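The lines below spell out each chain.
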Amino acid sequence: MQQNINIKNKRARFDFEILDTYTAGIVLGGTEIKSIRLGKANLSQSFCEFNDKGELFVVNMQVDEYSHGSYYNHKPKAERKLLLNKRELKKLRKEVTTSGLTIIPLNLFLNDRGLAKVNIALAKGKKLYDKRDTIKDRDTKRNLDRVKKSFNN
């Protein structure tokens, strides 16, 4: 009966070089999870950062207001806390502070128990020439596949 929700950040793999990935829980209110179950979320401009207490938050994640919510509705661009082990949080904080890496959400999904989870990645920003190489590789692969398909027919 449960539908499969998988909201992706399509720009993440193009703009960043992914070094390591983690799966984190996310703290949500009632109307937020209802909106996510309807697929009304967007990760395109979001990123993660630590606060003063060492907690990890996802910033700029758009979760649209629930259509049947009253004055209890949530703020669409509020910061939302991510849930990870202490060991993982320490490792991520160390990597971010020492080597200047960033943490970005890759996708938002519902697990088999109906809980919202976020795949986050420790990433390094790509330069413009790296992005051009990615586009060139993608185009050559597409052309090669097209030639193979026409040759097999």
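Below or above, wherever it landed, is the structure these notes cover. (Residues numbered from 1 in each chain as written. Predicted model: local features only at pLDDT ≥ 70, side-chain atom pairs only at ≥ 80, totals over all residues. Heavy atoms only, no water.)

### Thoughts on the overall build of the chain
Looking only at helices and strands, the chain features 4 helices and 9 strands. Going from the N terminus to the C terminus, the chain shows its helices and strands as β-α-β-α-β-β-β-β-β-α-β-β-α. If one aligns the C-alpha atoms of the chain with their principal axes, the spans along those axes are about 60 × 45 × 25 Å. Buried positions account for 34% of the 153 residues belonging to the chain. Considering only intrachain contacts with a sequence separation of at least 6, the fraction spanning at least 24 residues in the chain is 66%. Total accessible area computed for the chain in this model is approximately 10400 Å², and 49% of it derives from carbon and sulfur atoms. (Helix = DSSP H or I, 4+ residues; strand = E, 2+ residues; numbered from the N terminus. Buried < 20%, exposed > 50% of the residue type's maximum accessible area, 1.4 Å probe, protein only. Contact = heavy atoms within 4.5 Å. Areas by Shrake-Rupley, 256 points an atom, 1.4 Å probe, with all protein chains shown as cover.)

### Examining the nonpolar core
In this structure, Leu56, Leu82, Leu84, Leu92, Ile103 and Ile120 are the most contacted members of the largest nonpolar core, which totals 27 residues. Looking at this core, the elements with two or more residues in it are strand S2 (16-26), helix H2 (30-37), strand S4 (47-50), strand S5 (56-59), helix H3 (86-99), strand S8 (102-110) and strand S9 (116-125). Looking at this core element by element, the count peaks at 4 residues for S9. Look past the residues within four positions of Leu56 in its chain and what remains in contact with it is Cys48, Glu49, Phe50, Arg80, Lys81, Leu82, Leu84, Leu89, Leu92, Ile103 and Ile120. Counting 5 residues, the second largest nonpolar core, distinct from the first, contains Ala12, Ile104, Leu106 and Ala123. (Core = buried A, V, L, I, M, F, W, Y, C linked by side-chain atoms within 4.5 Å.)

### Quick look at H3
Across its 14 residues, H3 extends 20 Å between first and last C-alpha, which sits within 8% of the 20 Å expected from 1.5 Å per residue. Within H3 the residues assigned to the buried category are Glu88, Leu89 and Leu92. Around the axis of H3, the buried residues are gathered within 100 degrees of arc, so they sit on the same side. Turned more than 90 degrees from where H3 packs its buried face, Lys86, Arg87, Lys90, Lys94, Thr97 and Thr98 sit exposed. Where H3 is buried, its residues meet S2, S4, S5, S8 and S9. Following H3 by one or two positions, Gly100 has its phi on the positive side, about 70 degrees. (Expected span 1.5 Å × (residues − 1). Arc of directions from axis to C-beta.)

### Structural notes on the pattern of salt bridges
Taken as a whole and judged by the stated rule, the model has 7 salt bridges. For Glu55, the salt bridge identified is with Lys81, shortest N-O distance 3.2 Å. Taken together, the positions of Glu55 in the loop between S4 and S5 and Lys81 in strand S7 (residues 80-83) put the pair 26 residues apart, joining distant regions of the chain. Accessibility expressed as a relative area gives 28% for Lys81, which makes it partly exposed. Three or more residues joined by partner-sharing salt bridges are found here, namely Arg11, Asp15 and Lys131. (Salt bridge = Lys/Arg side-chain N within 4 Å of Asp/Glu carboxyl O.)

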